[in-house]
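Read off the chains here:
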Amino acid sequence: MSIIPLAWKDKPSLIERLLPAQKISAEAQKERKAGAGQTLTALGSYWKGRKPLILAKACVLGALLPATDNPEADLEVFELLMAIDDEAFVRRGFRKNPIKIYKTLKAHSRLNNQTASRLFAVRWRESRKFGSKNDQILPFDPSAIDEIIVDPNKTLIWNPAIDEQTRLKWETEFVRCHDYPTRVSEAKRPEECDDATLYGPIWDRVNQHLGTNAHSFPELVEQLGTLRFGHRPRVGDTFCGSGQIPFEAARLGCDVYASDLNPIACMLTWGALNIVGADEATRREIEAAQKAVAEAVDREITALGIEHDEHGNRAKAYLYCLETRCPHTGWMVPMAPSWVISKTRNVVAKLIPNYDQKRFEIEIVSGVSEAEMTAAAKGTVQKGDLVYVLDGEEYRTPIKTIRGDYRLPDGTTGNKLRRWEKHDFMPRPDDIFQERLYCIQWITAGTLGKSRQETFFASVTPADLERERKVEQIVRENLAAWQEAGLVPDMPIEPGEKTDELIRTRGWTYWHHLFNPRQLLMLSKFHKHMINNGSLNVMFSKLIDWNSRLCRWNSGEGNDKIENLFYNQAYNCFFNFGSRGYSYVINHWSFDEIKQFEVNNDWKVFACNATSSLSLPLDIGITDPPYADAVHYHEITEFFIAWLRKNPPKEFADWVWDSRRALAIQGKGEKFRQDMIAAYSALANHMPDNGLQIVMFTHQDAEVWSDMASIMWGAGLQVTAAWYIATETTSELKKGGYVQGTVLLVARKRLQDTSAYRDELVEEVRQEVAHQIETMVGLNQSTQGKGRTENLFEDADLQMAGYAAALRVLTGYRRIDGQDMVAAALRPRPKGERDIVREIIDYAVQVANEHLVPEGIAQGVWEGCCGAERFYLKMMELEAVGLKKLDNYQNFAKAFRVGDYGELMASQQPNNARLKNALDFKKSSFEGEFGRSALRAVLFALYELQKEADSDEVMEHLRSLVPNYHMRRDDLVAFCQYIARKREHRYPEESSAANILFALIRNERLG
Ligand SMILES: C[S@@+](CC[C@H](N)C(=O)[O-])C[C@H]1O[C@@H](n2cnc3c(N)ncnc32)[C@H](O)[C@@H]1O
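Reference entry: report on the structure contained in this document. Remember, predicted model here, so these are calculated numbers, not experimental data.

## Comments concerning the overall build of the protein chain
Now for step 1: For the protein chain, the helix and strand inventory stands at 39 helices and 30 strands.
Now for step 2: Expressed as lengths along the three principal axes of its C-alpha atoms, the size of the protein chain is roughly 95 × 90 × 80 Å.
Now for step 3: Burial analysis of the protein chain (1007 residues in total) assigns 58% to the buried set.
Now for step 4: Taking the contacts inside the protein chain whose residues are at least 6 apart along the sequence as the reference set, 73% of them involve residues at least 24 apart.
Now for step 5: Accessible surface for the protein chain amounts to roughly 41,000 Å². Of this, 49% is attributable to carbon and sulfur atoms.
Now for step 6: Counting 127 positive and 139 negative side-chain charges, the protein chain places the centres of these two groups 2 Å from one another.

## Details of the packing of aromatic side chains
Now for step 1: Overall, the coordinates contain 48 aromatic pairs when judged by the stated rule.
Now for step 2: Seen from their ring centres, Trp203 and Phe217 are 5.4 Å apart, and the 75° between their planes marks the pair as edge-to-face. One end of the pair, Trp203, is in helix α11 (residues 203-210); the other, Phe217, is in helix α12 (residues 217-229), and 14 residues separate them in sequence. Just as Trp203 is buried, Phe217 falls in that class too.
Now for step 3: Here Phe457 and Trp553 contribute two aromatic rings whose centre-to-centre distance is 6.0 Å and whose plane-to-plane angle is 75°, an arrangement assigned as edge-to-face. On the criterion of sequence distance, the pair formed by Phe457 in strand β17 (residues 455-458) and Trp553 in strand β18 (residues 553-554) is long-range, its members being 96 residues apart.

## Section: the nonpolar core
Now for step 1: Among the nonpolar cores identified, the biggest contains 285 residues, and Trp705, Phe871, Leu958 and Leu997 are the most heavily contacted of them.
Now for step 2: In terms of nonpolar packing, the next biggest core, distinct from the first, is built from 22 residues, Cys321, Val368, Phe457 and Ile562 among them.

## Re unusual backbone geometry
Now for step 1: The backbone phi angle of Arg897 is positive, close to 55°, even though this residue is not glycine.
Now for step 2: Along the polypeptide, Arg897 turns up in the loop between α33 (886-895) and β29 (905-909).
Now for step 3: Given a relative accessible area of 48%, Arg897 falls into the partly exposed group.
Now for step 4: Non-glycine residue Lys922 carries a positive phi angle of around 50°.
Now for step 5: For Lys922, the location among the structural elements is in the loop between α34 (918-921) and α35 (928-931).

## Let's talk about the state of the cysteines
Every disulfide links exactly two cysteines, by a covalent bond between their sulfur atoms.
Now for step 1: According to the stated counting rule, one finds zero disulfides in the structure shown.
Now for step 2: Cysteine Cys326 shares no disulfide, and the gap to the nearest cysteine sulfur, in Cys321, comes to 15 Å.
Now for step 3: Accessibility expressed as a relative area gives 1% for Cys326, which makes it buried.
Now for step 4: There is no disulfide at Cys608, and the cysteine sulfur nearest it, in Cys266, is 7.6 Å away.

## Observations regarding the sheet that holds strand β8 (residues 340-342)
Now for step 1: Reading across from one edge, β8-β9-β10 is the order of the three strands in this open sheet, with antiparallel pairing throughout. The two strands at the open ends of the sheet, each matched to only one other strand, are β8 and β10 (359-365). When strand polarity is set aside, the average angle formed by the axes of neighbouring strands in this sheet is 35°.
Now for step 2: Where β8 and strand β9 (residues 347-354) come together, two bridges link them in antiparallel fashion. Residue pairing for β9: Val340 is matched across the bridge by Val348.

## Notes on helix α1 (residues 21-33)
Now for step 1: Look at α1: 18 Å from first C-alpha to last across 13 residues, which is about the 18 Å you get at 1.5 Å a residue.
Now for step 2: Here α1 lies mainly inside the structure; 10 of its 13 residues are buried.
Now for step 3: The complete set of buried residues in α1 reads Ala21, Lys23, Ile24, Ser25, Ala26, Glu27, Ala28, Gln29, Glu31 and Arg32.

## Focus on the pattern of salt bridges
Now for step 1: Inspection of the entire model under this criterion finds 63 salt bridges.
Now for step 2: One salt bridge in this structure joins Lys749 and Asp689, with 3.6 Å as the shortest N-O distance. A residue pair is termed long-range when its members are at least 10 positions apart, and Lys749 in strand β25 (residues 741-749) and Asp689 in the loop between α24 (669-685) and β23 (692-697) qualify at 60 residues.
Now for step 3: A relative accessible area of 19% means that Lys749 is categorised as buried.
Now for step 4: On the basis of relative accessibility, which here comes to 48%, the residue Asp689 falls in the partly exposed class.

## Details of the site of the ligand
Now for step 1: Lining the immediate environment of the ligand, one finds 24 residues, of which Lys51, Ser242, Asp260, Ala610 and Asp624 sit closest.
Now for step 2: Within the side chain of Ser242, an N or O atom sits 2.6 Å from an oxygen atom of the ligand.
Now for step 3: Asp260 places a side-chain nitrogen or oxygen 2.6 Å from an oxygen atom of the ligand.
Now for step 4: The fraction of the free accessible surface of the ligand (600 Å²) that becomes covered by protein chains is 98%.
Now for step 5: Split into classes, the residues belonging to the shell around the ligand amount to 12 nonpolar, seven polar and five charged.

## A short note on the packing of helix α37 (residues 951-961) against helix α39 (residues 988-1003)
Now for step 1: Between α37 and α39, the least distance of the axes is 11 Å, while the angle of their chain directions is 75°. It follows that α37 is roughly perpendicular to α39 by the angle criterion. Across from Ser951, Val954, Met955 and Leu958 in α37, the residues of α39 making contact are Leu997, Leu1000 and Ile1001.
Now for step 2: In terms of residue class, the contact of α37 with α39 is built from six nonpolar, one polar and no charged.

## Here's the deal with the pairing of β9
Put simply, side chains in a regular strand alternate between the two faces of the sheet.
Now for step 1: Taking the residues between adjacent antiparallel strands as the criterion, β8 and β9 are bridged by four residues, where Asn346 takes a positive phi near 50°.
Now for step 2: Pairing geometry for β9 and β10, over seven bridges, is antiparallel. Each residue of the ladder has a partner; that of Ile352, found in β10, is Glu361.
Now for step 3: Turn length for the β9-β10 hairpin, with the two strands adjacent in sequence and antiparallel, is four residues, and the turn residue Lys358 shows positive phi of about 50°.

## What to know about the sheet that holds strand β13 (residues 393-398)
Now for step 1: Taken in spatial order, the three strands of this open sheet run β11-β12-β13, and their pairing is antiparallel. The outermost strands of the open sheet, each flanked by one partner alone, are β11 (381-382) and β13.

## Brief notes about the side chain of Arg750
Now for step 1: Within the fold, Arg750 resides in the loop between β25 and β26 (755-756).
Now for step 2: No salt bridge is formed by the buried Arg750, whose closest oppositely charged neighbour, Asp753, lies at an N-O distance of 4.9 Å.
Now for step 3: A polar side-chain atom of Arg750 sits 3.3 Å from the main-chain carbonyl oxygen of Leu717.

## A short note on the side chain of Thr397
Now for step 1: One can find Thr397 in strand β13.
Now for step 2: A distance of 3.3 Å separates the side chain of Thr397 from the side chain of His328, its partner in a polar contact.
Now for step 3: Beyond its immediate sequence surroundings of up to four residues, Thr397 is in contact with Pro327, His328, Gly384, Asp385, Leu386 and Ile402.

## Brief notes about α33
Now for step 1: Of all 10 residues making up α33, nine are buried, and the element is well covered by its neighbours.
Now for step 2: The complete set of buried residues in α33 reads Leu886, Asp887, Asn888, Tyr889, Gln890, Asn891, Phe892, Ala893 and Ala895.
Now for step 3: Positioned one or two residues after α33, Arg897 has a phi angle of 55°, which is positive.

## Remarks on the environment of Ile148
Now for step 1: Along the chain, Ile148 turns up in helix α7 (residues 145-150).
Now for step 2: Separated by 41 residues in sequence, Ile148 and Arg189 place their C-alpha atoms 34 Å apart.
Now for step 3: Setting aside residues no more than four positions away along its own chain, Ile148 makes contact with Val122, Phe140, Lys154, Thr155 and Leu156.

## A few points about the packing of helix α20 (residues 517-530) against helix α21 (residues 534-545)
Now for step 1: Closest axis-to-axis distance for the α20/α21 pair is 10 Å, and the angle between their directions is 175°. Accordingly, the angle class assigned to the pair α20 and α21 is roughly antiparallel. Of α21, the residues touching α20 (which contributes Leu523, Phe526, His527 and Met530) are Leu536, Asn537, Phe540, Leu543 and Ile544.
Now for step 2: For the contact of α20 with α21, the residue count by class is seven nonpolar, two polar and no charged.

## A word on the environment of Gly225
Now for step 1: Within the secondary structure layout, Gly225 lies in helix α12.
Now for step 2: For the pair Gly225 and Ile137, spaced 88 residues apart in the sequence, the C-alpha separation amounts to 53 Å.
Now for step 3: Discounting chain neighbours no more than four positions away, the residues touching Gly225 are Leu64, Gly230, His231 and Pro233.

## Focus: the environment of Ile725
Now for step 1: Along the chain, Ile725 falls in strand β24 (residues 717-726).
Now for step 2: Its relative accessible area of 0% is what places Ile725 among the buried residues.
Now for step 3: Between the alpha carbons of Ile725 and Ile24 there is a distance of 6.9 Å; along the sequence they are 701 residues apart.
Now for step 4: In this view, Ile725 contacts Leu19, Ala21, Ile24, Ser25, Ala28, Leu55, Gly741, Thr742 and Leu744; residues no more than four positions away in its chain are not counted.

The rules we used
Residues numbered from 1 in each chain as written. Predicted model: local features only at pLDDT ≥ 70, side-chain atom pairs only at ≥ 80, totals over all residues. Heavy atoms only, no water. Helix = DSSP H or I, 4+ residues; strand = E, 2+ residues; numbered from the N terminus. Buried < 20%, exposed > 50% of the residue type's maximum accessible area, 1.4 Å probe, protein only. Contact = heavy atoms within 4.5 Å. Areas by Shrake-Rupley, 256 points an atom, 1.4 Å probe, with all protein chains shown as cover. Lys, Arg positive; Asp, Glu negative; His and termini not counted. Charge placed at Lys NZ, Arg CZ, Asp CG, Glu CD. Phe/Tyr/Trp six-rings, centres within 6.5 Å; stacked < 30°, edge-to-face > 60°. Core = buried A, V, L, I, M, F, W, Y, C linked by side-chain atoms within 4.5 Å. Disulfide = S-S within 2.5 Å. Pairing = 2+ DSSP bridges. Axes fitted to C-alpha atoms, helices over the stretch in contact; angles between N-to-C directions. Expected span 1.5 Å × (residues − 1). Salt bridge = Lys/Arg side-chain N within 4 Å of Asp/Glu carboxyl O. Near = heavy atom within 4 Å. Polar contact = N/O pair within 3.5 Å; in protein donor to acceptor, adjacent residues only side chain to side chain. Nonpolar A, V, L, I, M, F, W, Y, C, P; charged D, E, K, R; others polar. Parallel < 35°, antiparallel > 145°, perpendicular 65-115°, else oblique.

Have a look at this one:
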């Protein structure tokens, strides 16, 4: 087929019909768990809330691919392109040895003996050495498998006589024996594989289905863009953040427009496209420039003589702590929550009293006993108190007393810490908190410059202190000039949710206060040499993340390292910290960990407010706006802006080097809604009538959805689909503030001005939800019929279909009950207004929920259950198939309107959540909707039975706990059967008790 421009102009996109959201969720989580191994994180792990590249890829392809009248083939091709089909896993490294493959296929009854003896062979080796002339390949007799496993001279191998195709077929069969999360966890991510190998085999099938003629993503994307829009597609993201979405779109072959209000976001996006996306020659150029800067700084630091000792050793890390005067004794006490320096080498810092000077000498001792390690781990800062022992007596003073905390008239807390001034860079002698160097980690002279360096920890000597004074003197003499020239920050710290910590706990008021003299000196040198180079500016921001007074010394087993400031999203001020010497600094100045994926298309990065109009036309918008986002991007990025703002290189010179806090879209409420309408109107106005918007946001509550409906109306958009992608992982949640899942809302321009009345809408929504869910359940069944083991869509997807259907129907009309919804969206929402939108969304979700009846519960029983019972039954079903994500519980609690579902939970750990079972409930929780329900009564009976109560007594309690007992007997029996089945493996005793209760109810004599 030839590629006829605009031939697919009006075809719906695949993402408007189907998306294998479960698989994409698993892939997205795998990518997030990769931490520093993620492609773009190497440019700045300080940027939080990155959207996975795989999610962006799904959006780009989902928007470009057509939804045809053959959904199964559409899905097949989409999965091939995403490398999430069964066969792709063989190429993604989900390969195992032939023994494992043979055993697994046998266990799943997928292989008979005859085929097995054809597929496999036995290699017999005379000795363990390879290539002896007596080695033999023997036929495989499946009945001898146990003997082969134990015989060290025999190995099961693929029969050399079978061809690649046959082997691939059986390896794929092996993949099919595993559920999707297992496959993903044991395979590489698609982006870690070589494109030609991973995607090479798919193009014939892709082209056959689509009528294209492509052999790479850029070719395919260009052809799809031409068919749909008449040219290579243009993708825009006006909230681009770290550039995950624009980078992936560009890598696939789209032209890209990216913008963000925040210059650091723009810089990271620019870096993604320009550094990771660089061609070979550009990459070499950047590397050469970087090397030159590193060498220049090394020369200057070495010439100053501030890092080498008299034996030629060079400092790797300097450890500093705060020190303060104890109000009880007048002694100066060093402060640290632990005096362990290295768990790996049993190194500690010992405090030795110096009675003359009323202070402690700090001695570094290596190879101490475990008892000394335990003693050192106690530290002198414990639970907010300064604690130390002098002459056998323990002194304890709250740090807030030392700081002199007091209540201000406005109810907030002030303190007596001096506020540092612009020319300060270290504490003044009479400040409450002093700073003290207490240990140096040295690289031995003999191993300097080698790949394996030897290091040791040592106490601070007078010569070290002299070098410290020298550094301080240099900074004292130069600070004002450096600030003037923009080499170090001179920007005040603006108070804020996160930045207040700096001011309150340290008295710091300018951004350079976060850096000690050594750090200021070193960073000013790097800055001076790289100032005109955009790529090196990106790398410089990493240096400052890893080099400040807020960098924790990690003494944990196998660590001995200095962490970065933004390991989480806060300004944590530590009592002790690590500062890097040059040779440790350059670890984060290297390109080694930065991958390369050449991007050859047009791309542009702008710093602008998403609410103002764009300057370029777009076909597809894929955006991740700051919806209820917990990340304070503006406050976090001010740390970097302070360094870079005065001398931006020419590439960044047009950007406003300010976080523009006032313009940042945040949170909820009226202002937020209006800003979002403006932002999406700008996007809609720049896209053609057949353009598409994909909006990512956090699924929180029904209010989010009615806000979204209003934003879509106001922006002239109509929702066409919604998908839920679970992106939560335990480790990320621990870091705080992470969103737990992402909704993808798909929208198009609303091209007609139609009206509807409420009654019609309700009916239309009902039909739409039912139709959508039936289609999805149908696809589940038909794909399962074709050898797929897992559901294509799970309950969360079906629920989402409810929301999507409601929004699709609602936003398709301009007028509802005579009210102009666009005009209503644009004006402030009157408080307490009866919200028809909200009601219809609630109704749609209810309709969707009715379709989520757990397997094994009759419709009639389900209808008689209250929301909390439905929640409990539904979650029992998910637990029975091994699901443990808190995310699911939250979603269903919302869906079934269970306000406090925590009451029903035994654990609310993000990835290990579970319901209370009968024994967990014990004899409590008989209040509230669930407490008074028949299901709670059944669980109580199961508790009593497990505690071996008399069965007559159990039945008597049951009868008294369930109002209208006789009318509810069938329901109780149904609950017993259900619990017996769902808890058979997880809680076998509860399951047996349920069988007993079932029999007791069935056999009781009535009347
Ligand atoms: C959720 S983040 C985007 C994250 C991005 N998708 C990623 O993967 O890194 C939202 C972004 O919106 C930006 N933002 C906030 N208000 C804005 C505005 N008025 N105009 C443009 N961007 C804004 C923030 O700076 C932030 O980078």
